Amino acid sequence: MASERTQKIYGSPPQSELRLVLLGRIGAGKSTVFKTILGRDKFRSEGVTCVKKQGEVAGRTVIIVDTPGWDSVKHTSKHIQEEIKNSVILCPPGPHALLLVVPMGDQLSSSARKAIQYHIELLSVRAWKYTMVLFVSDAEEKCTYNEQNQMLERANSILVKCGERHFHFEVGNSTTQVTELLKKIDAMVAENYEDFFIPQVYYELLESKIPREVTELIRMSEDRVSRLEQRYKRELKEKDEQLSKYREAEKATEMLKRTDSMNTETQDRTGMQKGKTDQQTVALQAIKQGYREEALSVVQHYVKPLMVIITSVLGALIGAVAGAQHGTLGACVGIPVGIVVAVLGSYAVRGAATAARDVPGTVSVKGPAVQNRDEGKPFYISSPSGFNKDQ
């Protein structure tokens, strides 16, 4: 990310000619990367000499030098070491990038890391400034996020030396991967102020021709630039971390707002449901009250007349029995007399009951009510407990 932003800051266009050198152990996949970038199917496997090829990639010339692979510090022959040293001379005036090819999933043991450091520094310690680690894998064998992180942890000591520059190159996804790789290399070139790696033999020759004072000034300038770059990268990293934290805080705030909104909606729904329940309860009570009043109406309009009829019939029976002592005529006269007497008796009983309901109960007036009564002011009394005027 830092490299891409550096490219944007400097704003320099890509190099019309890009010079690359591939480095790595035996069987690392250098030849595969070589033919993938240049788009060639046929190419040598592992050799003992350097091979230089060039081609047109994305509208510009790309020159690649493939080096023979190394084994270990002890087993690499002098010939292989000389070939590695001479590789940077084959693309004058010098390569823009040294691509260290490492297979994805390589264990990178301590001896393997020492071998990498030893063979890179055959070119010079300055070579790390132009080195990028290229983790190679097959596009069909997708590496998980955890596997990539573990690979980065194993290669940490190497990545620190080359300024954390690395790229995951999936062989088989050539079009996209090559384009992204060239962008990454352009970013590194911009970060190095469009400089390229000068072979050590030329570098020593230049130093010998330059006065010691000037050499010291150059060294001091390079040290200052290096410190400024490290400071810039550190500050940029801090800004990225702050930005990430800010974005996480924004997400958390948004989630909290959504949660509060959902809770409010839930409460509103609960209140509405409760209101509906209360309305339903009131409606149910009103329906029950209606049924009760209708039942009382039925009693008043049907039961009471029925009771009068029954009473009349009973009166008629009683009159008939009483009049029968005087013969048939007496029985006939006793029936209407019994009906009249029974009806009058029932109305007399109903009138007495109504009069009893209208009589107020005996209550006692105490406290402020007594004072209000004595002063002629309105006062209120309550019925004694258990008093019901309908009883």
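Residues numbered from 1 in each chain as written. Predicted model: local features only at pLDDT ≥ 70, side-chain atom pairs only at ≥ 80, totals over all residues. Heavy atoms only, no water.

*Asks:* Can you help me understand the overall build of the chain in this one?
*Replies:* Per the secondary structure count, the chain includes eleven helices and six strands. Considering the chain as a whole, with its 391 residues, one finds that 30% of them fall into the buried category. Accessible surface for the chain amounts to roughly 25,700 Å². Of this, 57% is attributable to carbon and sulfur atoms. (Helix = DSSP H or I, 4+ residues; strand = E, 2+ residues; numbered from the N terminus. Buried < 20%, exposed > 50% of the residue type's maximum accessible area, 1.4 Å probe, protein only. Areas by Shrake-Rupley, 256 points an atom, 1.4 Å probe, with all protein chains shown as cover.)

*Asks:* Can you help me understand the nonpolar core in this one?
*Replies:* Across soluble globular proteins, nonpolar side chains have a tendency to be buried as a group. In this structure, L23, L100, I116, L123 and V133 are the most contacted members of the largest nonpolar core, which totals 31 residues. Judged by nonpolar contacts, the second largest core, of 26 residues, contains V62, I64, F167 and L181. (Core = buried A, V, L, I, M, F, W, Y, C linked by side-chain atoms within 4.5 Å.)

*Asks:* Explanation requested: the environment of R113 in the structure shown.
*Replies:* Residue position: R113 is located in helix α4 (residues 110-120). Residues R113 and A155 lie 42 residues apart in sequence; the distance between their C-alpha atoms is 8.0 Å. Setting aside anything within four residues of it in sequence, one finds R113 in contact with L108, R154, S157 and I158. (Contact = heavy atoms within 4.5 Å.)

*Asks:* So what exactly am I meant to see when it comes to the packing of aromatic side chains here?
*Replies:* Geometrically, a pair of aromatic rings is defined through the distance of the ring centres and the angle of the planes. Taken as a whole and judged by the stated rule, the model has one aromatic pair. Relative to F197, the ring of Y130 lies with its centre 5.8 Å away and its plane at 65 degrees, an arrangement referred to as edge-to-face. One end of the pair, Y130, is in the loop between α4 and β5 (131-138); the other, F197, is in the loop between α7 (174-191) and α8 (200-209), with 67 residues separating them in the sequence. A single burial state applies to Y130 and to F197, both of which are buried. (Phe/Tyr/Trp six-rings, centres within 6.5 Å; stacked < 30°, edge-to-face > 60°.)

*Asks:* I keep staring at the confidence of the model for the chain and nothing clicks. Help me out?
*Replies:* It should be kept in mind that the predicted coordinates are not to be read in detail where pLDDT is low. A residue-level look at the chain finds 72% of positions with pLDDT of 70 or above and a mean pLDDT of 78. Element-level mean pLDDT values for the chain span from 40 in helix α1 (residues 2-10) up to 97 in strand β4 (residues 97-103). Confidence drops under pLDDT 50 across residues 1-11; counting only partners more than four residues distant or on other chains, this segment forms 21 contacts. Residue range residues 379-391 is modelled with pLDDT below 50. Its contacts to residues more than four positions away, or to other chains, number 16 contacts. (pLDDT = per-residue confidence, 0-100.)

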